[in-house]
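# Notes for the structure review
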Amino acid sequence: TGSGQTSTPPTVNSLTPVSGTTSVYRDATITITFGVVVNTATVTMTTNTTCTGSIQLSTDGFVTCIPMNQTVTQSGTQITVRTATEMAAGTTHTLRITTAVAGTTGLTMPTQFESTFTTGATTTPLTNEFGADCSGGTGLISDVRTAATSTEGAVGPYSISGLIITGIDRFGSFYVQKGTDGL
């Protein structure tokens, strides 16, 4: 059109995890790249087990759906979403993107999109800025203290429960992703 806006509806160009992938980390994010920029107001997800919203994730043929975190991260034509909790291990998940997803011009996806992947038994390994494994078990700071000490030096005198450590830098600083307790 004359305003420079496209009259192309959104379609899925790529997806991570890729359809058919196995051993996907149980805490993996789902990244969808569309052919056009989408209106994030049309990217909706359920907070319970009902299969509502324009993005749905199910393990039972959409009889029920997995609750999703309500944060949608957008960068150009790419959006990233995640489940509210870790996905079940060793389970085939089907992602559904409905025709309710619309581009910024208001055009909606012409057809529904589905893709499957299977989770493995583990979550994303914790690494420092150099790629060294700092997992040390379950991903809590009390469990990674040994890995952090042997990799980069002591983390400090604190015990933090309920926080997931996403990395430890060369100065011994650690980065947390989410949690329920503080220092």
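Cut-offs used in this document
- Residues numbered from 1 in each chain as written.
- Predicted model: local features only at pLDDT ≥ 70, side-chain atom pairs only at ≥ 80, totals over all residues.
- Heavy atoms only, no water.
- Helix = DSSP H or I, 4+ residues; strand = E, 2+ residues; numbered from the N terminus.
- Buried < 20%, exposed > 50% of the residue type's maximum accessible area, 1.4 Å probe, protein only.
- Contact = heavy atoms within 4.5 Å.
- Areas by Shrake-Rupley, 256 points an atom, 1.4 Å probe, with all protein chains shown as cover.
- Pairing = 2+ DSSP bridges.
- Disulfide = S-S within 2.5 Å.
- Salt bridge = Lys/Arg side-chain N within 4 Å of Asp/Glu carboxyl O.
- Phe/Tyr/Trp six-rings, centres within 6.5 Å; stacked < 30°, edge-to-face > 60°.
- Lys NZ or Arg CZ within 6 Å of the ring centre and 35° of its normal.

## Quick word on the overall build of the protein chain
Counting secondary structure elements, the protein chain contains one helix and nine strands. Order of helices (α) and strands (β) in the protein chain, N terminus to C terminus: β-β-β-β-β-β-β-α-β-β. Residues classed as buried in the protein chain amount to 34% of the 183 residues present. In the protein chain, of all internal contacts separated by at least 6 residues, the share reaching a separation of at least 24 is 52%. For the protein chain, the exposed area adds up to about 9,300 Å²; of that, 52% sits on carbon and sulfur atoms.

## With respect to the pairing of strand 3 (residues 55–58)
Burial along strand 3 is two-sided: Ile-55 and Leu-57 and Gln-56 and Ser-58, pointing in opposite directions, are all buried. Inspection of the sheet shows strand 3 paired to strand 6 (residues 92–97) by four bridges, in the antiparallel sense. The residue of strand 6 that forms the bridge with Ile-55 is Ile-97.

## A closer look at the side chain of Thr-98
Structurally, Thr-98 can be placed in the loop between strand 6 and strand 7 (113–118). Thr-98 gets classed as buried once you look at its relative accessible area, which sits at 12%. Each residue touching Thr-98, except ones within four places of it in the same chain, is listed here: Gly-53, Ser-54, Gln-56, Met-109 and Gln-112.

## Focus: the state of the cysteines
Taken as a whole and assessed by the stated rule, the structure comprises one disulfide. Covalently, Cys-51 is tied to Cys-65 through a disulfide, its sulfur atoms 2.3 Å apart. Between Cys-51 and Cys-65, the disulfide has an S-S torsion of 110 degrees and is therefore right-handed. Taken as a pair, Cys-51 in the loop between strand 2 (30–34) and strand 3 and Cys-65 in the loop between strand 3 and strand 4 (73–75) lie far apart in primary sequence, 14 residues in all.

## Things to note about unusual backbone geometry
For the bond from Thr-16 to Pro-17, the omega torsion is 5 degrees, close enough to zero to count as cis. Tracing the chain through its elements places Pro-17 in the loop between strand 1 (12–16) and strand 2. Unlike most non-glycine residues, Ser-23 shows phi in positive territory, near 60 degrees. Relative to the elements of secondary structure, Ser-23 occurs in the loop between strand 1 and strand 2. Residue Ser-23 is classed as exposed on the basis of its relative accessible area of 55%.

## Remarks on the pattern of salt bridges
Evaluation of the coordinates by the stated rule reveals two salt bridges. Note that Glu-114 and Arg-96 form a salt bridge whose closest N and O atoms lie 2.8 Å from each other. Taken as a pair, Glu-114 in strand 7 and Arg-96 in strand 6 lie far apart in primary sequence, 18 residues in all. A relative accessible area of 19% means that Arg-96 is categorised as buried.

## Here we look at the packing of aromatic side chains
The description of an aromatic ring pair uses the distance of the two centres, along with the angle that the planes make with each other. Evaluated as defined, the whole model comprises zero aromatic pairs. The ring of Phe-62 is capped by Arg-96, whose NZ or CZ atom sits 3.7 Å from the centre of that ring.

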